[in-house]
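Observations on the model geometry
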Amino acid sequence: MPFYVGFPIQGDIELTADGRDFMFVSGAERVIQSIKARAQIFKGSWRYDLTKGMPYFQDILVGSPDEILVRRRFYDLIAETPGVASVTSVKIRLDRTSQTIYVDFVAIAEGTTVSGTLDFAAAA
């Protein structure tokens with residue numbers, strides 16, 4: 001079984017309290033981290049398999065995205081993440097002022113309810 005190193009919100013590797021070792025995550029925390037990591041891969045950007053990743057340029061970051069399709073893409077991403085048993089809800093919020101899209105999700109993973117928010121902002 002692979003080990004998953006902890007990555008807090010800031011994106012740095014998480015260390016133990018004494019700073020001498022990595023923090024490893026498991027269970028629901030690992031699943032949430034996996035969902036967030038998978039959401040950062042753009043379709044066509046991973047040279048070993050160009051079919052992997054989210055179709056951001058094809059379906060999401062387009063002039064008039066189909067909201068049902070966008071929701072479905074995120075639903076599928078979450079549902080296909082190892083450890084996720086089922087997806088309870090996926091809600092898309094768009095803040096046009098800050099040009100940020102938020103994806104709120106709730107899923108059942110590792111025998112418990114997990115939730116989180118994915119956010120993607122336009123580069124400044």
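Refer to the structure presented above.
Notes on the structure follow. (Residues numbered from 1 in each chain as written. Predicted model: local features only at pLDDT ≥ 70, side-chain atom pairs only at ≥ 80, totals over all residues. Heavy atoms only, no water.)

With respect to the overall build of the protein chain
Looking only at helices and strands, the protein chain features three helices and five strands. Buried residues in the protein chain amount to 25% of all 124 residues. When contacts within the protein chain are restricted to residue pairs at least 6 apart in sequence, those whose partners lie at least 24 apart make up 28%. Approximately 8,500 Å² of the protein chain is accessible, and the part contributed by carbon and sulfur atoms is 54%. (Helix = DSSP H or I, 4+ residues; strand = E, 2+ residues; numbered from the N terminus. Buried < 20%, exposed > 50% of the residue type's maximum accessible area, 1.4 Å probe, protein only. Contact = heavy atoms within 4.5 Å. Areas by Shrake-Rupley, 256 points an atom, 1.4 Å probe, with all protein chains shown as cover.)

Some details on the nonpolar core
Formed by 20 residues in total, the largest nonpolar core has its most connected members in Ile 35, Phe 74, Ile 78, Val 84 and Leu 118. For this core, the elements supplying multiple residues, two or more each, are helix H1 (27–39), helix H2 (56–60), helix H3 (67–79), strand E3 (84–95), strand E4 (100–109) and strand E5 (112–121). (Core = buried A, V, L, I, M, F, W, Y, C linked by side-chain atoms within 4.5 Å.)

Focus on the packing of aromatic side chains
For the structure on display, the rule yields six aromatic pairs. Centroid distance Phe 42 to Tyr 56: 4.5 Å. Interplanar angle 45°. Geometry classified as tilted. One end of the pair, Phe 42, is in the loop between H1 and H2; the other, Tyr 56, is in helix H2, with 14 residues separating them in the sequence. Ring centres of Phe 42 and Phe 57 lie 5.2 Å apart, and the angle between their planes is 45°; on these two criteria the pair is classed as tilted. (Phe/Tyr/Trp six-rings, centres within 6.5 Å; stacked < 30°, edge-to-face > 60°.)

With respect to the sheet that holds E5
With antiparallel pairing, three strands are arranged side by side in an open sheet as E3-E4-E5. Across the chains shown, the open sheet's two edge strands, defined by having one partner strand only, are E3 and E5. Averaged over neighbouring strand pairs, the angle between their axes works out to 15° when direction is ignored. In terms of strand pairing, E3 meets E4 through ten bridges, oriented antiparallel. By the bridge assignment, Lys 91 is partnered in E4 with Asp 104. The strands that H1 touches are E3, E4 and E5; relative to E5, the one it contacts most, it runs at about 25°. (Pairing = 2+ DSSP bridges. Axes fitted to C-alpha atoms, helices over the stretch in contact; angles between N-to-C directions.)

Side note on unusual backbone geometry
Backbone geometry at Gln 99 places phi at a positive 50°, although glycine is not the residue there. Tracing the sequence through the fold places Gln 99 in the loop between E3 and E4. For Glu 110, which is not glycine, the phi dihedral falls at a positive 55°.

A closer look at H1
The terminal C-alpha atoms of H1 lie 19 Å apart, and with 13 residues this matches the ideal 18 Å at 1.5 Å per residue to within 8%. Buried within H1 we find Arg 30, Val 31, Gln 33, Ser 34, Ile 35 and Ala 39. (Expected span 1.5 Å × (residues − 1).)

Regarding the pairing of E5
Where E4 meets E5, ten bridges bridge the pair, whose relative direction is antiparallel. What sits directly across from Val 103, in E5, is Leu 118. If you look at the hairpin formed by E4 and E5, you'll find two residues sitting between the two strands, and Glu 110 has a positive phi there, around 55°.

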